[in-house]
Amino acid sequence: MSTLAPTTAHGLDALVERASAAEGVGELFRSAAERLRRLVPFDGAVWVATDPATSLPSAPTITVNMGEPSRSMSRGECMALWQREFQELDVIPYRELVEAETPVGALRMATRGRPTRSPRYRQMLKWKGFEDELRAAFRANGQAWGLLSLFREDVGAPFDASELDLVAKLSDPLGEAIRAQWLRGSAPQGEQQGPGLMLLSPDGDLISANDEALGWLEEMPPDPWNRCLVNVGGDLERQLPLVVFSTLSRARTGAVAGERGTARVRLRTATGRWVICHASCMSTPGGEMGNTALVIEPAKGSEIAPIIVEAYELSAREREITVLIARGIGTAEIAERLFLSAHTVRDHVKAIFEKVGVSSRGELVARLFAEHYAPVHFASDAHQGI
């Protein structure tokens, strides 16, 4: 890569420093967008956090100058755009950038000045008034933690090699910054409510619950015939969904049997978000079973991938291969990574297709996104514009 001019290098360092000091992934994106625009001018941009296990878009998403009526997109249009991303052959798809030696690319450069070769340009960019797109993946530890698209309107000013070079220099430091946010508990899942805490007595009465817990209970899937009542101040006022009540019961049963009094389950709310529900029984000073704490909190992206593959009853090997397929890795490389023959990998892929009910890799990834990531990605509080 070329050496940057001192002023540009200083601007790049300041961008990374400010972004790394941000509170949350959304603020990181906003800070980086503001400073990047001074170094690489653009007319619109989309910053997307991804699940590092699968490289699929999660949340939050930050858009820049995309709120005008001519540029805004409905949820249906956005969904169709992602479906095309997974299923159509196009230039510089995100899945290739995630695995590429240099994780950046530009539409006009990739098509040698003939953007109409790209279905994405013909079906979306042209109609939104954009003539070029620069894409990048932010990576850390060999995984993608975020994606970026910059757009330009001027057909005479496409993104050039020096600008791609500059954005490429951001891949690792911003990938590490997003990863650090994830590890600090600010996982890219949008501005969701925090953990809910409920405390129940040994008799099963609800002693207390914070507002977040009551909010999560309202989001539980409807199961009117399978809800279990718990006492609140002597009155039967609260209902717990069966899956929550069973988690509580398993923890208490284990404590009574002298085993570890804990239980944990992953479940999906009525709004499509994945949460973790875990219960833990406490002991009195005399060794008897005391109160039970029940916590409901958002599932981190690293916990969503196992949920996906478990939902289709895939084997351990099939789960590994499904995650690699979602990241855009081909048969030969999957075989090399897992020390299998290409023939064996193809057999596993065939079995995966049959279990999930798809006929191609693109369909498989599109199904995973539609059923498990889209509800989080398109949540009303996950998309913000600046």
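Structure: see above.
Just so you know, these numbers come straight off a predicted model, no measurement behind them. (Residues numbered from 1 in each chain as written. Predicted model: local features only at pLDDT ≥ 70, side-chain atom pairs only at ≥ 80, totals over all residues. Heavy atoms only, no water.)

## Some details on the overall build of the chain
And step 1. Across its full length, the chain holds 15 helices and 13 strands.
And step 2. When burial is assessed residue by residue, the chain has 50% of its 386 residues classed as buried.
And step 3. Of the contacts made within the chain by residues no fewer than 6 positions apart, 61% connect residues no fewer than 24 positions apart.
And step 4. Total accessible area on the chain stands at roughly 17700 Å², and carbon and sulfur atoms take up 51% of it. (Helix = DSSP H or I, 4+ residues; strand = E, 2+ residues; numbered from the N terminus. Buried < 20%, exposed > 50% of the residue type's maximum accessible area, 1.4 Å probe, protein only. Contact = heavy atoms within 4.5 Å. Areas by Shrake-Rupley, 256 points an atom, 1.4 Å probe, with all protein chains shown as cover.)

## Some points on the packing of aromatic side chains
And step 1. For the structure shown, the criterion picks out seven aromatic pairs.
And step 2. In textbook terms, an aromatic cluster arises when at least three aromatic residues are bridged by ring pairs, as seen for W82, F86, Y94 and F369.
And step 3. Note that R135 overlies the ring of Y94, its terminal NZ or CZ placed 3.8 Å from the centroid. (Phe/Tyr/Trp six-rings, centres within 6.5 Å; stacked < 30°, edge-to-face > 60°. Lys NZ or Arg CZ within 6 Å of the ring centre and 35° of its normal.)

## Section: the pairing of strand β12 (residues 289-298)
And step 1. Note that strand β6 (residues 196-200) and β12 share five bridges and pair antiparallel. Within β12, the position partnered with L199 by the bridge is A293.
And step 2. Note that strand β11 (residues 274-283) and β12 share eight bridges and pair antiparallel. In the strand pairing of β12, S283 is matched with M289.
And step 3. Taking the residues between adjacent antiparallel strands as the criterion, β11 and β12 are bridged by five residues, where G287 takes a positive phi near 90°. (Pairing = 2+ DSSP bridges.)

## Here's the deal with the environment of A14
And step 1. Tracing the chain through its elements places A14 in helix α1 (residues 6-20).
And step 2. Look at A14 and you get partly exposed, because its relative accessible area is 27%.
And step 3. For the pair A14 and R35, spaced 21 residues apart in sequence, the C-alpha to C-alpha distance is 8.2 Å.

## Notes on the nonpolar core
It is characteristic of soluble globular proteins that their nonpolar side chains tend to be buried jointly.
And step 1. The biggest cluster of nonpolar side chains holds 37 residues, and the ones touching the most others in it are L36, W47, L150 and L174.
And step 2. Here this core takes six residues from helix α2 (residues 25-39), the largest share from any one element.
And step 3. Other than its neighbours up to four places away in sequence, L36 contacts L15, F42, W47, L148, L150, L166, V167 and L170.
And step 4. Ranked by size, the runner-up nonpolar core spans 35 residues in total, among them W82, Y94, A326 and L368. (Core = buried A, V, L, I, M, F, W, Y, C linked by side-chain atoms within 4.5 Å.)

## Some words on the sheet that holds strand β1 (residues 44-50)
And step 1. In space, the six strands of this open sheet follow the order β3-β4-β5-β1-β2-β13, with mixed pairing throughout. In the strand order of this sheet, the two ends are held by β3 (104-106) and β13 (383-385), each with one partner. Mean inter-strand twist for the sheet, computed between neighbouring axes without regard to direction, equals 15°.
And step 2. Examined bridge by bridge, β1 and strand β5 (residues 143-152) share six bridges and lie antiparallel to one another. Along β5, the bridge assignment pairs A45 with L150.
And step 3. Against the sheet, α2 contacts β1, β2 (57-64), β5 and β13, and its axis sits at roughly 35° relative to β2. (Axes fitted to C-alpha atoms, helices over the stretch in contact; angles between N-to-C directions.)

## Description of the side chain of R108
And step 1. Turning to its location among the elements, R108 is positioned in helix α5 (residues 107-110).
And step 2. The contacts of R108, once residues within four sequence positions are left out, are G113, P115, Y121, E131, D132, V155 and P158.

## Describing the pattern of salt bridges
And step 1. Overall, the coordinates contain 16 salt bridges when judged by the stated rule.
And step 2. For R327, the salt bridge identified is with E99, shortest N-O distance 3.7 Å. Placement of the pair is R327 in the loop between α12 (316-326) and α13 (331-338) and E99 in helix α4 (residues 94-99), with a sequence separation of 228 residues.
And step 3. What makes E99 partly exposed here is its relative accessible area of 27%.
And step 4. Note that R108 is salt-bridged to E131, the shortest N-O span being 2.8 Å. Placement of R108 in helix α5 and of E131 in the loop between α6 (119-125) and β4 (132-140) is noted, with a sequence separation of 23 residues between them. For the residue pair R108 and E131, the accessibility class agrees, reading buried in each case. (Salt bridge = Lys/Arg side-chain N within 4 Å of Asp/Glu carboxyl O.)

## Focus on the environment of T54
And step 1. Assignment of secondary structure puts T54 in the loop between β1 and β2.
And step 2. Residues T54 and G328, 274 residues apart in the sequence, show an inter-C-alpha distance of 8.9 Å.

## Thoughts on helix α15 (residues 361-377)
And step 1. With 17 residues, α15 ought to run about 24 Å at 1.5 Å a step, yet its terminal C-alpha atoms sit only 21 Å apart, falling short of that.
And step 2. At A370, α15 shows its largest kink, close to 45°.
And step 3. α15 sits mainly inside the fold: twelve of its 17 residues count as buried.
And step 4. Of all the positions in α15, only G362, L364, V365, A366, L368, F369, H372, Y373, A374, P375, V376 and H377 are classed as buried. (Expected span 1.5 Å × (residues − 1). Bend = angle between axes of the 7 residues up to and from the residue.)

## Examining the side chain of R139
And step 1. Examined against the element boundaries, R139 turns out to sit in strand β4.
And step 2. Despite its burial, R139 pairs with no opposite charge; the closest candidate is D172, at 5.0 Å N-O.
And step 3. Within the local environment of R139, its side chain forms a polar contact with the backbone oxygen of V98, the two atoms lying 2.9 Å apart.
And step 4. Looking at R139, its side chain comes within polar contact range of the main-chain oxygen of A100, at 2.5 Å.
And step 5. The contacts of R139, once residues within four sequence positions are left out, are L97, V98, E99, A100, E101, P103, A144, W145, S171, D172, G175 and E176. (Lys, Arg positive; Asp, Glu negative; His and termini not counted. Polar contact = N/O pair within 3.5 Å; in protein donor to acceptor, adjacent residues only side chain to side chain.)

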